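# Observations on the three-dimensional arrangement
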Amino acid sequence: MRVPADAEQIIEKLNEHGFEAYVVGGCVRDSLLGKEPEDWDITTSAKPGEVKAIFSRTIDTGIQHGTVTVMLNRQGYEVTTYRVDGEYEDGRHPKSVDFTTSLLEDLKRRDFTINAMAYNGREGLVDAFGGMEDLENRVIRCVGSAVNRFTEDALRILRAVRFSAQLDFRIEDETYEAISLIAPNLEKVSKERIATELTKLLLSGHPEKMKRVSDTGASRYISEPFFKAAVLSKGELRPLGCLPAVKYMRWAGCLRREQGETAADILRDLKMDCDTMDRVKILVSRWRTPIAAEKPAIRRVMNQIPGDLFDSLLCFQEVFAGEVGEGYGETLKMVKTLAEEIREAGDPVNLKELAVDGRDLMAAGMNPGPALGKTLNALMEQVLERPECNERAYLLRAAGLKNGIKES
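Residues numbered from 1 in each chain as written. Predicted model: local features only at pLDDT ≥ 70, side-chain atom pairs only at ≥ 80, totals over all residues. Heavy atoms only, no water.

By the naming in an unreviewed UniProt entry, the protein is tRNA nucleotidyltransferase (CCA-adding enzyme), taken from Hungatella effluvii. In its Sequence similarities (unreviewed entry) section, UniProt records this for the protein: "Belongs to the tRNA nucleotidyltransferase/poly(A) polymerase family." Its UniProt record, at the heading Cofactor (unreviewed entry), says of the protein: "Mg(2+)". (UniProt positions renumbered as here; feature names shortened; annotations may be inferred.)

Glancing now at helix α1 (residues 5-16). The end-to-end C-alpha distance of α1, which contains 12 residues, comes to 16 Å, matching closely the 16 Å that a straight helix rising 1.5 Å per residue would cover. Listed as buried for α1 are Asp6, Ala7, Ile10, Ile11, Leu14 and Asn15. Just downstream of α1 lies Gly18, where phi reads positive at about 90°. (Helix = DSSP H or I, 4+ residues; strand = E, 2+ residues; numbered from the N terminus. Expected span 1.5 Å × (residues − 1). Buried < 20%, exposed > 50% of the residue type's maximum accessible area, 1.4 Å probe, protein only.)

Attention now goes to the sheet that holds strand β4 (residues 67-72). Sheet architecture is open: seven strands sit in the order β3-β4-β5-β2-β1-β8-β9, paired in mixed fashion. Looking at strand neighbours, the two that pair on one side only are β3 (58-62) and β9 (124-126), the edges of this open sheet. Sheet twist, expressed as the mean angle between neighbouring strand axes with direction ignored, is 35°. In this sheet, strand β5 (residues 75-81) lies alongside β4 in antiparallel orientation, the contact comprising six bridges. Paired with Val68 across the two strands is Val79, which belongs to β5. Sheet strands touched by α1: β1 (21-24), β2 (42-44), β4, β5 and β8 (118-120). Its angle to β1, the strand with the most contacts, is close to 150°. (Pairing = 2+ DSSP bridges. Axes fitted to C-alpha atoms, helices over the stretch in contact; angles between N-to-C directions. Contact = heavy atoms within 4.5 Å.)

Applying the stated criterion to the full structure yields six aromatic pairs. Sitting above the plane of the Phe163 ring, Arg162 keeps its charged end 4.5 Å from the centroid. (Phe/Tyr/Trp six-rings, centres within 6.5 Å; stacked < 30°, edge-to-face > 60°. Lys NZ or Arg CZ within 6 Å of the ring centre and 35° of its normal.)

The next point concerns the layout of surface pockets. The volume enclosed by the largest pocket comes to roughly 1,600 Å³. Considering the residues around the largest pocket, the lining is formed by 42 residues, among which Asp41, Asp111, Arg159, Arg162 and Phe163 are closest to the centre. Among the secondary structure elements, those contributing two or more residues to the lining of the largest pocket are α2 (26-32), β2, β3, β5, β6 (83-85), α7 (155-167) and α9 (191-202). Here the residues of the lining of the largest pocket are counted per class, giving nine nonpolar, 12 polar and 21 charged. (1 Å grid on protein atoms, 1.4 Å probe; cavity = no way out; pocket = protein on both sides within 12 Å on 5 of 7 lines; lining within 4 Å. Points joined across faces, edges and corners; volume = space filled by probe spheres on them. Nonpolar A, V, L, I, M, F, W, Y, C, P; charged D, E, K, R; others polar.)

Bringing the domain arrangement of the protein into the picture now. Examined at the domain level, the protein breaks down into domain 1 (1-128), domain 2 (287-345) and domain 3 (351-406). Here domain 1 and domain 3 have C-alpha centroids that lie 64 Å from each other. (Domains from an automatic or database assignment.)

Attention now moves to a negative patch on the surface. On the surface, a cluster of negative charge is contributed by Glu38, Asp39, Asp41 and Glu78. Looking at where Asp41 falls in the secondary structure, it is placed in the loop between α2 and β2. (Patch = residues over 30% accessible without salt bridge, like charges linked within 9 Å, V, L, I, M, F, W, Y side chains within 5 Å. Areas by Shrake-Rupley, 256 points an atom, 1.4 Å probe, with all protein chains shown as cover. Salt bridge = Lys/Arg side-chain N within 4 Å of Asp/Glu carboxyl O. Lys, Arg positive; Asp, Glu negative; His and termini not counted. Charge placed at Lys NZ, Arg CZ, Asp CG, Glu CD.)

When the UniProt feature table is mapped to this numbering, "domain: CCA-adding enzyme C-terminal" (unreviewed entry) covers residues 350-398. The distance separating the terminal C-alpha atoms of residues 350-398 is 18 Å; by composition the span is 59% helix and 0% strand.

Along β4, six of the six residues are buried, which leaves the element largely enclosed by surrounding structure. Residues Thr67, Thr69 and Met71 line one face of β4 and the alternating positions Val68, Val70 and Leu72 line the opposite face, and both faces are buried. Where β3 folds back on β4, the antiparallel hairpin that results is connected by four residues, among which Gly66 adopts a positive phi of roughly 95°. Linking two consecutive strands that pair antiparallel, namely β4 and β5, is a turn of two residues; a positive phi of about 55° is found at Asn73 within it.

Once that is clear, we can look at the side chain of Asp6. The topology assignment puts Asp6 in helix α1. Buried charge without a salt bridge: Asp6, with Arg57 as the nearest opposite-charge side chain at an N-O distance of 10 Å. Residues contacting Asp6, with those up to four places away along its chain left out, are Leu72, Asn73 and Tyr77.

Moving on, we come to the packing of α9 against helix α13 (residues 247-254). At a closest axis distance of 9 Å, the pairing of α9 and α13 adopts a crossing angle of 90°. Between α9 and α13, the crossing angle belongs to the class labelled roughly perpendicular. Of the residues in α13, those touching α9 at Ala195, Leu198, Thr199 and Leu202 are Lys247, Arg250, Trp251 and Cys254. In terms of residue class, the contact of α9 with α13 is made up of five nonpolar, one polar and two charged. (Parallel < 35°, antiparallel > 145°, perpendicular 65-115°, else oblique.)

Now for the pattern of salt bridges. Applying the stated rule across the entire model yields 31 salt bridges. Lys108 serves as the salt-bridge partner of Glu105, at 3.1 Å between the closest nitrogen and oxygen. Placement of the pair is Glu105 and Lys108 together in helix α4 (residues 103-108), with a separation of three residues, close to one helical turn. Exposure remark for Lys108: the relative accessible area of 37% places this residue in the partly exposed category.

What follows is the structure, encoded as structure tokens:
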């Protein structure tokens, strides 16, 4: 396994001071799968205070749980003391954390076998629970008792489904049965944490595995409005993977049969961020409406939604062209070509690009008020129809103004 030089340096320095240290968890899993880990977490027998004494630049990331971030070459590495979790009273967090000198005890508390492996250059791979075998067999399996692991932290239920989607692994039978049994505990998990896991699942290479959340019965304890509204048949979910792995696009794909406001309400119930809700609402509201292969019609759509969302809308309609209308795929090709010509020509498509603004109209004699806004919108409509009209003198005349003087 190839461990980054900085992580190796941290491990070696801890070893020099008489402590054990290994990279652990997801970075080991990803490395064994031939993937580039996002983070390199380190576990050690050194207590937080001892870690802080060894390294000159540290941040108390979660020191009450044994985690110190060591800064090296402007990169942060989380270094966590071996620990044993106390009783889980709320189905999410241990009541207490006790430090231990046993790596095995630390690995035993982890969720899945594929996440319960450690490695360092001296000893190689430490795999006490068959994680390597499960990687080879493409299996998601809990460490020890699945019922106990999910009872400790119900969010692990969604993590199991999410990992099965990200890695395209099957969920081992005992683990799958425990999901259905412990699913009611998901009511104890915050909507924000649930939304994060569901988003990771949707952004995976197999978003169609969202159906597993429903199949196990877990959906009723997460968000009934979402799972009632979502398109969940395998055939209809599979096209989601053809959408870019962009948060708002995948959520919109799931909720595409709903009205825009209803989709936004469902995401609001999941405590989704406002930007995602707004974008999903726009896409869900507009994707069923065909865009005519005519430049004025295309410019009007560009005018009505934010610039980057126009491209997302076209992409969305391309994936679900058959649902927009028969033969729409061919029309959409023409729309894309014309849209590119509009952009290359620099045609104005929003008020910021109009040759006059409110100050120009007031300087020419128009009074401020609602009529001024209506006039700008009317001028914008003319320019959307005929971009060559976007000249100051012409627009002032069109507004009933001439040479800075309101015509009577």
